[in-house]
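Now for the letters of each chain:
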Amino acid sequence: MRAAKRLGKLTTTRATAITAEQGTNAKILAAGTIPWRIKSGTLQVLLIHRPEFDDWSWPKGRLGANETLPETAWRETKEEVGLDLPLGIPLGIVQYNTPQGNKRKEVWYWAARVIDQKARPDNKELDDVRWVNVQRARQMLSKQLDQKPLDVLEAAFEAHQLATVPFVVLRQAKATPAESWTRDEIDRPLADSGYQQAKAVARLMRAWKPTRVVTSKYTRSLETIAPYVKKYGGAVRTKKWLNKTVDTQNRFLTRRLRQEFKRPEPILICSQPGVIKQILKEIKTWIREERAVINPKSVTNKKQFKLAPGSVLVLHRAKHRAGQIVSVERYDPLVK
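Values in this document were obtained by computation on a predicted structure and should not be read as measured data. (Residues numbered from 1 in each chain as written. Predicted model: local features only at pLDDT ≥ 70, side-chain atom pairs only at ≥ 80, totals over all residues. Heavy atoms only, no water.)

(A) Region of the structure containing helix H7 (residues 273-289). Its 17 residues give H7 an end-to-end C-alpha distance of 25 Å, which sits within 8% of 24 Å, the value for a rise of 1.5 Å per residue. Within the sequence span of H7, burial applies to Val275, Ile276, Gln278, Ile279, Leu280, Glu282, Ile283, Lys284, Trp286 and Ile287. (Helix = DSSP H or I, 4+ residues; strand = E, 2+ residues; numbered from the N terminus. Expected span 1.5 Å × (residues − 1). Buried < 20%, exposed > 50% of the residue type's maximum accessible area, 1.4 Å probe, protein only.)

Okay, structure coming up:
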C-alpha cells in the first residue's frame, strides 16, 4: 500500500444497475477488489487478514502516483494476494474519515473473478487469506463499511450480473496535426504526447486484459494499441469498418460492431475520433434499450460518452443474461 501523489479530481465515472459514481471526491483515494469464485455451486469471496490491525477486509491500497483507480485495484490485488485478475463490474465506493478525522478517504471497489489461480498472502502486510461464503464473510469482516461492496456483489450474483466479459472502446491517442502532415493521411502517426498516452493506455488495459484487439488500419490507431499488445499480448485484427466512415456507412458499422460485441471474449476496439463518435452513439442506443439494467445516469451523462484522446469506455456484458450490458465505466489514462 504505497503512498499516493494527489492527482486532483480524476475523470472516473461508473454505473451499474445498483451503483453510480461521477468522479472522485476525497483527499485520499484507494482502490481494491472482492475476489470471488464459485465452489461446489456456492459463491465464495476472499478475505485478507492484516496482522498490524488484526482485521479481516478486502485487498486494497492507496492510489499510486500517475495511476488510475482501476490500475490501483489490479496492482494491489496482485501485490497483496498474488492474483493477476481482470476487473469485473464496479461494486461502489466506501467513504470515511481517517482516524485523525481531518481527511476524507474513498475506496473504489470492483469484483474480480478467480478461476484457476491460488491466493497467497504477501507475508508483509498480510499473514492470512481465506475463502468463505457470503454469510461467513459478513461475520468475519471487521468493519461494517466493508459490507457495502459485498452487498452489491451478492445482489449482482443473484441477478446473474456478476460473471461478465469486458468490451472496451478506445479513442486513438493524440495524433500529429493534420496541417503539418504532407503525406498519405493513413500514415499520419501519433504526436510525441500521443506515444506517451499509448504507454499509459497499455498500463490501464492490464485491468481488463482484452485478448482480441480490433483496430482501424490507420497508423495512429495501430500505434495507440502497440504498447499494450507488445507487452501483454492480444490478437490484433485490422478492420475496414473502423477506418474513416461517412454517413452512408453507418448501417455497415452498426452491423459489424454488433458482431464484435456478441463475441464471448474480452475485446478492445480502437479507432479515430469520427468513428468512435459513431460507435458511442450506437452503444448509447443499446443501453437505452436495456434501461432497466443500467442506472439511467450512465445514459444521460454526456461527458461519459465523449472520449478524449487515449480515453476508454468499458462495458461489461453479463454471461448469463445473453450478453446484456450491466455496467459502464469511463477513464482517462494518466501520463507519467
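(B) Spatial organisation of empty space enclosed by the protein. Tallying each qualifying case throughout the model produces one cavity of 30 Å³ or more. Counted as a void, the largest cavity has a volume near 30 Å³. In terms of residue class, the lining of the largest cavity is built from five nonpolar, two polar and no charged. (1 Å grid on protein atoms, 1.4 Å probe; cavity = no way out; pocket = protein on both sides within 12 Å on 5 of 7 lines; lining within 4 Å. Points joined across faces, edges and corners; volume = space filled by probe spheres on them. Nonpolar A, V, L, I, M, F, W, Y, C, P; charged D, E, K, R; others polar.)

(C) Layout of the pairing of strand S8 (residues 104-113). Counted residue by residue, S8 has eight buried out of 10 residues, so it is predominantly covered. Two strands pair when backbone bridges link them, and strand S7 (residues 90-97) and S8 are joined in this way by six bridges, in the antiparallel orientation. The partner of Asn97 across the bridge, within S8, is Arg104. (Pairing = 2+ DSSP bridges.)

(D) Layout of the pairing of strand S15 (residues 325-331). Across the seven residues of S15, seven count as buried, placing the element largely inside the fold. Bridging between strand S1 (residues 12-16) and S15 involves five bridges; their strand directions are antiparallel. Looking across to S15, one finds that Arg14 is bridged to Glu329. In this sheet, S15 lies alongside strand S14 (residues 312-318) in antiparallel orientation, the contact comprising six bridges. Along S15, the bridge assignment pairs Leu315 with Val328. In sequence, S14 turns back onto S15 through a hairpin of six residues, with Ala322 there showing a positive phi of about 55 degrees.

(E) Local environment of the packing of aromatic side chains. As enumerated under the stated definition, the model contains four aromatic pairs in all. Centroid distance Phe261 to Trp286: 4.8 Å. Interplanar angle 55 degrees. Geometry classified as tilted. Taken together, the residues span a long stretch of sequence, with Phe261 in helix H6 (residues 250-261) and Trp286 in helix H7 at a distance of 25 residues. Trp286 carries the same exposure label as Phe261, and that label is buried. Aromatic rings pair up to connect Phe167, Phe261 and Trp286 into one cluster. A cation over a ring is seen here: Arg14 above Trp110, with NZ or CZ 4.5 Å from the ring centre. (Phe/Tyr/Trp six-rings, centres within 6.5 Å; stacked < 30°, edge-to-face > 60°. Lys NZ or Arg CZ within 6 Å of the ring centre and 35° of its normal.)

(F) Looking closely at the packing of H6 against H7. Between H6 and H7, whose axes approach to 11 Å, the crossing angle comes to 65 degrees. For the pair H6 and H7, the sense of crossing is right-handed. Where H6 approaches H7, its residues Asn250, Leu253, Thr254, Leu257, Arg258 and Phe261 are matched on the opposing element by Val275, Gln278, Ile279, Glu282, Trp286 and Glu289. Looking at side-chain class alone, the contact of H6 with H7 contains six nonpolar, three polar and three charged residues. (Axes fitted to C-alpha atoms, helices over the stretch in contact; angles between N-to-C directions. Left-handed = near helix turned anticlockwise from the far one by under 90°. Contact = heavy atoms within 4.5 Å.)

(G) Main features of the sheet that holds strand S11 (residues 212-215). Strand order in the open sheet made by the eight strands is S2-S1-S15-S14-S10-S13-S11-S12, with mixed pairing throughout. Two strands in the sheet have a free side with no partner beyond their single neighbour: strand S2 (20-22) and strand S12 (235-238). On average, adjacent strands in this sheet sit at an angle of 15 degrees to one another, irrespective of strand direction. In this sheet, S2 lies alongside S1 in antiparallel orientation, the contact comprising three bridges. Residue pairing for S2: Ala15 is matched across the bridge by Ala20.

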